[in-house]
Amino acid sequence: MEIKVKKEKLEEGKLTEILDRPKIVGFFNGTEYFAFSGICPHAKWPLELGTVDDCTLTCAGHSWGFNIADGKCKTNPGRGLKSYTVLDDGKDLIIREKAE
Amino acid sequence: MGQASTLIETKTKRILVDPWIIGPCNGNAWYTLRHKAATKKNIPTDVDCIYISHEHEDHFQKETLQEFNKNTQIYVCKFPTDRFYNKIIELGFNNVTELSPWKAETLSEDLTITSIKNQDLMFEDSALLIQSGEGTVFCQTDCKMDFESLKKVSATKPDIGFFMYSVANWYPDAYNYPKDKRDQIAKKRKSNKISGFVNYVDIIKPKYAIAYAGGPLFPHKSQLKLNDPINGVFGCPDEAKHAWDISGKTGTDVLVMAADDEIGIDGHHVKNDEPILSTNKMDMLNELSIEVQDDLNKRRKDEGEASEKLPSMIIDYFNKIISENPIARKYIDMKIQLIAEGKNGGEFVFDMSKQNQSGNFATEGKIDNWNYFMKIPAQLVQKSINGEMLWETLFLSCRWQGDRNPDQWNEHFINLLYDPDPNRITNIYKMYEQTH
C-alpha cells in the first residue's frame, strides 16, 4: 500500500487523520513526519483526539501511550500501533507500509 | 451517595447503582469521599432494584449489600463468564438478572435500563443507561468504554451523566520509585485521567455532568500520605470541573456534588453535604481518620494470621494456575518474587518465563533477577489464595510494596490472577491472538 498526501495537510503539532480506511493518522513535529494506524487497540478511540508530548502519543480515552516513531505501546507492551514509513518528496508525503 | 453509588428515582421506580455506602473496602483501606463516615441509616434499602457494574469492592461491597432484602431485584451485565453473577448468588440474593449488553430492560411502562459492557478482553466492567419519560441518565461507573458505545450513548441525548474522573489504582504508590519519579508519574496519571473525564463529557455531551467514581480516601494512619491533594495520584471532583471549565468546550454544565446531594433532571442541585475538594480534602480526611481509626484497626486485627500451611498453599496455588495456563505464561514471561510478610509467611519465586517447561513453577526462595517483586502481608496473601479476596482487591488496598524490572505494566500477569480459570484464559488468548 502506498498513499500520497499533501504536506500542508499535516499541520505542525496536530494529529490528523490522513486516511479513513484503513484509518491512518499522521503527525508533524516540526522536523519529522510520522504515520501510524489511527485507532487505539484498547477501546477503539480515534487517535487524532489524543495528544503528543515529545515522542509519545496519549490516547484521549484511557491514556494509553504510544511511541509515534515505531508505534510501540509504552503503557501496555505488545499492544502497539502499525507504523508506516513516511517519505517527503518536497511537495507530497508518500506513506508506505514498512517492510517486515 | 459516595464513589459510584447513585440512587436514581423516577416517578415509578428507585434504582440504586453500585452500592458501596458503609464501611471500608479494598482490604480495609478505602473510604468514600465523605467527611463523616456513612451509617446504615444512609443506605436506601427500600429500592426497587440494584444494578452492580462489576466485581471491584468499591462497586460491589458486601457490607452494604447485606442490608438489603435478599429478594431485591439485582441486575448485572451479561459477561463472558458467570463468575460475577455467581458471587452475587453466593451472597444469598435470589433474584439476579443478567442483562445482555445494549438490550434495554423494561422496568415499567416508560422506564428502561440498558447495560453497556466494556470491550476489554481481560477485565469485566459495565456502564448503565437509564431512560424514562422524565429524562435520560448515564452512569459510567468506572467502565472504560469503547468509542462506538460512547457515540451510542451520546445519541440518546442524556440529561445527566456521571463520569469517572480519577485514578483508582495502586500505580505508582505501591511501587518502589524515588520520590521525584513517583511524583512525576502521579502528576501525569492524574492529569491524564482528568483529561479523559473532559473527553468523555465532550463526546457524550449531557446537559449536566457530575464527576464521580474517583479516588477514595485512605484514612488509616499508615496510609495518610496517599491522600496528598498536590502530589497524590487521586484527584478531587473540583479538579475535574476546573479542567472542563478551562477546556473551552461547551454544551455541558459540570457540577460538583457531595455524597447525599441530589440533582433533578432539570439540573436543580440540592446540596445536603459539603463536598470534598482539593482545597479541603486534608482537613476532612483528618477528621474522618480520627473517627474511623479504631474501627479500621479492629478490622485489620480481625483479618487474623496466616495459616501455618500458607507456604505450601502458595506453592500449590501458583504451580496449579501456572501449569494450567501455558498460553498465559507465554505472554507473562516474568520471574516473580513474592515476600509474604509476617507470621507464617516466607519467600517465594514464581517462574512464569516462557522458556520454563520444567513444570516446577513455584518454589520457596529468593532471587535477584526478578521482573516483578511483591511484599505483601501474609494474612492478605492467605485471603487471596483462599479466594476470599481478589488479588486486584489486595493490590488496590495499597497495603503492599512492589517493584518492576523492567518498569512496565504486565496486563497478562494481572489477568491471570484476576481469574485463572483455564477456559477463560484459553478463550481470551484465542481472541487476543486474532487481533495482535
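What counts as what
- Residues numbered from 1 in each chain as written.
- Chains lettered and ligands numbered in written order.
- Predicted model: local features only at pLDDT ≥ 70, side-chain atom pairs only at ≥ 80, totals over all residues.
- Heavy atoms only, no water.
- Helix = DSSP H or I, 4+ residues; strand = E, 2+ residues; numbered from the N terminus.
- Rg over C-alpha atoms; globule rule 2.2 N^0.38 Å.
- Buried < 20%, exposed > 50% of the residue type's maximum accessible area, 1.4 Å probe, protein only.
- Contact = heavy atoms within 4.5 Å.
- Pairing = 2+ DSSP bridges.
- Axes fitted to C-alpha atoms, helices over the stretch in contact; angles between N-to-C directions.
- Salt bridge = Lys/Arg side-chain N within 4 Å of Asp/Glu carboxyl O.
- Buried area = accessible area lost by both parts, 1.4 Å probe.

Chemist: Explain the overall build of chain A to me, please; I cannot follow it from the model alone.
Modeler: Helices and strands together make up the secondary structure of chain A, namely zero helices and nine strands. In sequence order, chain A lays out its α and β elements as β-β-β-β-β-β-β-β-β. The globule rule puts the C-alpha radius of gyration for 100 residues at 13 Å, and the 12 Å found for chain A is close to it. A buried classification covers 51% of the 100 residues belonging to chain A. For chain A, the proportion of contacts with a sequence separation of at least 24, taken over those separated by at least 6, is 33%.

Chemist: Just checking my understanding: could you explain the sheet that holds strand β1 (residues 2-6) of chain A for this structure?
Modeler: Hydrogen bonding along the main chain pairs the strands of a sheet, whether they run parallel or antiparallel. All names here are of chain A. Taken in spatial order, the six strands of this open sheet run β1-β9-β8-β4-β3-β2, and their pairing is antiparallel. The two strands at the open ends of the sheet, each matched to only one other strand, are β1 and β2 (16-20). Strand-to-strand, the axes of this sheet are offset by a mean angle of 30 degrees, without reference to chain direction. Across two bridges, strand β4 (residues 33-37) lies against strand β8 (residues 83-88) in antiparallel orientation. Following the sheet pairing, F36 is matched in β8 by S83.

Chemist: Before we go on, may I ask you to explain the pattern of salt bridges in this structure?
Modeler: Pairing of side chains with opposite charge becomes possible as their charged atoms draw close. This structure, assessed with the given rule, holds 38 salt bridges over all chains. The residue B:E411 makes a salt bridge to A:R79 at a minimum N-O spacing of 2.6 Å. Residue B:E411 is located in helix α11 (residues 411-418), and its partner A:R79 is located in the loop between β7 (65-67) and β8; the two belong to separate chains. According to the relative accessible area criterion, A:R79 is buried, its value standing at 8%. Of the charged contacts, one joins B:E291 and B:K36 as a salt bridge, the two residues approaching to 4.0 Å between their closest N and O atoms. In this pair, B:E291 is assigned in helix α6 (residues 281-301) and B:K36 in the loop between β2 (14-17) and β3 (49-52), connecting sequence segments 255 residues apart. Residue classification places B:E291 among the partly exposed residues on the basis of a relative accessible area of 37%.

Chemist: Where do I start with unusual backbone geometry in this structure?
Modeler: Keep in mind that most residues, glycine aside, have a negative phi and that most peptide bonds are trans. Cis geometry marks the peptide bond from A:R21 to A:P22, where omega comes out at -5 degrees. Of note, A:P22 is situated in the loop between β2 and β3 (23-28). At the junction of B:Y171 and B:P172, the peptide bond is cis and its omega measures out at 10 degrees in the coordinates. If you trace the backbone, B:P172 turns up in the loop between β10 (160-164) and α4 (179-204).

Chemist: What am I meant to see in the interface of chain B and chain A here?
Modeler: Size of an interface: often given as the accessible area lost when the parts come together. If you look at the interface, chain B gives 17 residues, while chain A gives 16 residues. When the two sides are added together, the surface that chain B and chain A hide from each other amounts to roughly 1400 Å², 54% of it contributed by carbon and sulfur. Taken together, the links from chain B to chain A amount to one salt bridge. Mapped onto the side of chain B that touches chain A, the elements with two or more residues apiece are α3 (147-155) and α4 of chain B.

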